[in-house]
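Descriptive structure summary
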Amino acid sequence: MIIQFNLNISQSQRNAIDATLVRLNIPFYDVKTQLAHYLVCTPSSDFDIRRIGELEGILDVHRVNGTHKMVSSKWKVNKTIIDINGRIQIGGNQVAIMAGPCSIESEDQIIKTVEHLKKQGVKMMRGGVYKPRTSPYSFRGMGIEGLKLFYEVCQANDIGIITEVMEAGQIEQMMPYTDIFQVGARNSQNFNLLDALGEIDKPVLIKRGISGSIDELLYSAEYVFKAGNEKLILCERGIRTFEKAYRNTLDLNAVPILKEKSHLPVVVDPSHGIGLRQHVATMALASIAAGADGLLLEIHETPELAATDGQQTLDFSEFEKLIKKINELQQILN
Ligand code: PEP
Ligand code: MN
């Protein structure tokens, strides 16, 4: 059960609600976000929610069975739409495109990518400056100085930034330069990081864990929401299976299932999802057909020279062709 308070609830009204829940032996947890104030209640058995709904100070009471609460579609009738500084919306009518290199490498690379994105009408650029790498000897990103460069160029060209945060201690320094914080697959269940991202007023995109279930992804989002941040985006990026013919198995089943279970927008990353450059565009289109609200794509002027993930990165002309197809597909689907 989710109780939504009136924003101007008085202390005595609140005390009366708490006292009623205690009397009914119902555990409850405060969830205060930038937008609203809720109580998540976890009664052990069904009961008549009218006993609560009639109390003063309450805007609404929702019956939400099942394990996920705040991220569940069972209580929120309207889908969540994440507005990125008026540039784009994620979860609205248009598929949101976020594209850029796996890693930020140089100012020149940023400038060239931004120019290309602008030509394609793309408003969000991705690029990692903190890179989670399997081997400690691989390139681990340019760090905060790289993010500042990234920001300077994007700011001058009205392009938003999505970039990965790897630990809670990085959030504060990244804040002025980041529009969407990406939680990578490896950190999908870093609960301290998720708690910390709950305290900020910026959108968070959470990737599914490498061997993460759909339930686990929803719980990760529940962590951030419970800690106070409703601006959440879920991302399917492929999971590890027995199949070795491609890097990951892009689980497009997850798209309709997540959208059924949750009110949050669902984005797909086909670059990591299949890990093979020649098939990324096909899977990008398949993602849209499956209902994705957006795409996260790796692109580079010269993928063969990319510092990271070149094997799954589209070059500029491949990306341009894909954008045309995406536009055509969207017209058919709308
Ligand atoms: C990335 O987006 O470059 C990345 C490291 O993704 P993932 O966490 O999905 O592996
Ligand atoms: Mn990558």
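What counts as what
Residues numbered from 1 in each chain as written. Chains lettered and ligands numbered in written order. Predicted model: local features only at pLDDT ≥ 70, side-chain atom pairs only at ≥ 80, totals over all residues. Heavy atoms only, no water. Near = heavy atom within 4 Å. Polar contact = N/O pair within 3.5 Å; in protein donor to acceptor, adjacent residues only side chain to side chain. Areas by Shrake-Rupley, 256 points an atom, 1.4 Å probe, with all protein chains shown as cover. Nonpolar A, V, L, I, M, F, W, Y, C, P; charged D, E, K, R; others polar. Helix = DSSP H or I, 4+ residues; strand = E, 2+ residues; numbered from the N terminus. Expected span 1.5 Å × (residues − 1). Buried < 20%, exposed > 50% of the residue type's maximum accessible area, 1.4 Å probe, protein only. Arc of directions from axis to C-beta. Contact = heavy atoms within 4.5 Å. Domains from an automatic or database assignment. Buried area = accessible area lost by both parts, 1.4 Å probe. Salt bridge = Lys/Arg side-chain N within 4 Å of Asp/Glu carboxyl O. Pairing = 2+ DSSP bridges. Axes fitted to C-alpha atoms, helices over the stretch in contact; angles between N-to-C directions. Donors = N, O, S within 2.8 Å, 3.2 Å for Na, K, Ca; no water. Parallel < 35°, antiparallel > 145°, perpendicular 65-115°, else oblique. Left-handed = near helix turned anticlockwise from the far one by under 90°. Right-handed = clockwise from strand over helix to strand, strands pointing away.

1. Overview of the site of ligand 1
All residues in the neighbourhood of ligand 1 are listed as Cys102, Arg126, Lys131, Glu164, Gln182, Gly184, Ala185, Arg186, Lys207, Arg237, His272 and Glu298. Alanine 185 places a main-chain nitrogen or oxygen 2.7 Å from an oxygen atom of ligand 1. The side chain of arginine 237 places a nitrogen or oxygen atom 2.6 Å from an oxygen atom of ligand 1. Summarising the interface, the protein chains cover 98% of the accessible area of ligand 1, which totals 290 Å² for the free molecule. Among the residues forming the shell around ligand 1, the class breakdown is two nonpolar, three polar and seven charged.

2. Quick word on helix 1 (residues 11-23)
The end-to-end C-alpha separation of helix 1 is 18 Å, in line with the 18 Å expected for 13 residues at 1.5 Å each. Buried within helix 1 are the following residues: Arg14, Ile17, Asp18, Thr20 and Leu21. Looking down the long axis of helix 1, one finds its buried residues gathered within 160° of arc, a one-sided arrangement. Facing away from the buried side of helix 1 by more than 90 degrees, the exposed set consists of Gln11, Ser12, Val22 and Arg23. Looking at the packing, one finds that the buried side of helix 1 touches strand 1 (2-5), strand 2 (28-32), strand 3 (37-41), helix 2 (50-53) and strand 4 (58-62). Positive backbone phi, at 65°, marks asparagine 25, one or two positions downstream of helix 1.

3. Comments concerning the domain arrangement of the protein chain
For the protein chain, the assigned domains are domain 1 (2-62) and domain 2 (82-333). Between domain 1 and domain 2, the C-alpha centre-to-centre distance is 36 Å. Taken together, the contact pairs nine residues of domain 1 with eight residues of domain 2. Carbon and sulfur atoms supply 53% of the area that domain 1 and domain 2 bury against each other, a total of about 630 Å² over both sides. Three residues, Val31, Thr33 and Gln34, lead the burial of domain 1 against domain 2; their summed loss comes to 61% of the area buried on that side. At the boundary of domain 1 and domain 2, one finds zero salt bridges. Where domain 1 touches domain 2, the interface holds five residue pairs in polar contact (both at pLDDT 80 or more). With four residues, strand 2 is the single largest residue contributor to the side of domain 1 that touches domain 2. Broken down by class, the residue content of the side of domain 1 that touches domain 2 amounts to five nonpolar, two polar and two charged.

4. So, the sheet that holds strand 2
If you walk across this open sheet you meet the four strands as 2-3-1-4, and the pairing is antiparallel. The sheet is open, and its two edges are formed by strand 2 and strand 4, each paired on a single side. Taken pair by pair, the neighbouring strands of this sheet meet at an average axis angle of 20°, ignoring direction. Both strand 1 and strand 3 contribute to a ladder of three bridges, which runs antiparallel. Each bridged residue has a counterpart across the sheet, and for glutamine 4 the counterpart in strand 3 is tyrosine 38.

5. So, the coordination of the manganese ion (ligand 2)
Ligation of the manganese ion (ligand 2) by protein atoms is provided by Cys102 (SG), His272 (NE2), Glu298 (OE) and Asp309 (OD), these donors lying 2.0 to 2.4 Å from the ion. Mapped onto the sequence, the residues coordinating the manganese ion (ligand 2) show the spacing C-x169-H-x25-E-x10-D. Linking histidine 272 in helix 9 (residues 270-274) with glutamate 298 in strand 14 (residues 294-298), this pair joins segments that are 26 residues apart in sequence. Residue classification places glutamate 298 among the buried residues on the basis of a relative accessible area of 0%.

6. Brief notes about the packing of helix 3 (residues 107-119) against helix 11 (residues 316-333)
Taken N-terminus to C-terminus, the directions of helix 3 and helix 11 make an angle of 25°; their axes are 11 Å apart at the nearest point. Taken as axis vectors, helix 3 and helix 11 run roughly parallel relative to one another. Handedness of the helix 3/helix 11 crossing: right-handed. Each of Lys112, Thr113, His116 and Leu117 in helix 3 lies in contact with helix 11, whose residues at this interface are Phe316, Phe319 and Glu320.

7. Examining the pairing of strand 9 (residues 160-164)
For strand 9, a buried count of five out of five residues is recorded, marking the element as mostly surrounded by other parts of the structure. Side chains Gly160, Ile162 and Glu164 project from strand 9 onto one buried face, and the interleaved Ile161 and Thr163 project onto a second face that is buried too. Where strand 8 (residues 124-126) meets strand 9, three bridges bridge the pair, whose relative direction is parallel. Bridged to methionine 124 within strand 9 is glycine 160. One crossover worth recording links strand 8 to the parallel strand 9 by way of helix 4 (residues 143-156), and it is right-handed. Pairing of strand 9 with strand 10 (residues 180-183) involves three bridges; the strand directions are parallel. Bridging across to strand 10, isoleucine 162 finds its partner in isoleucine 180.

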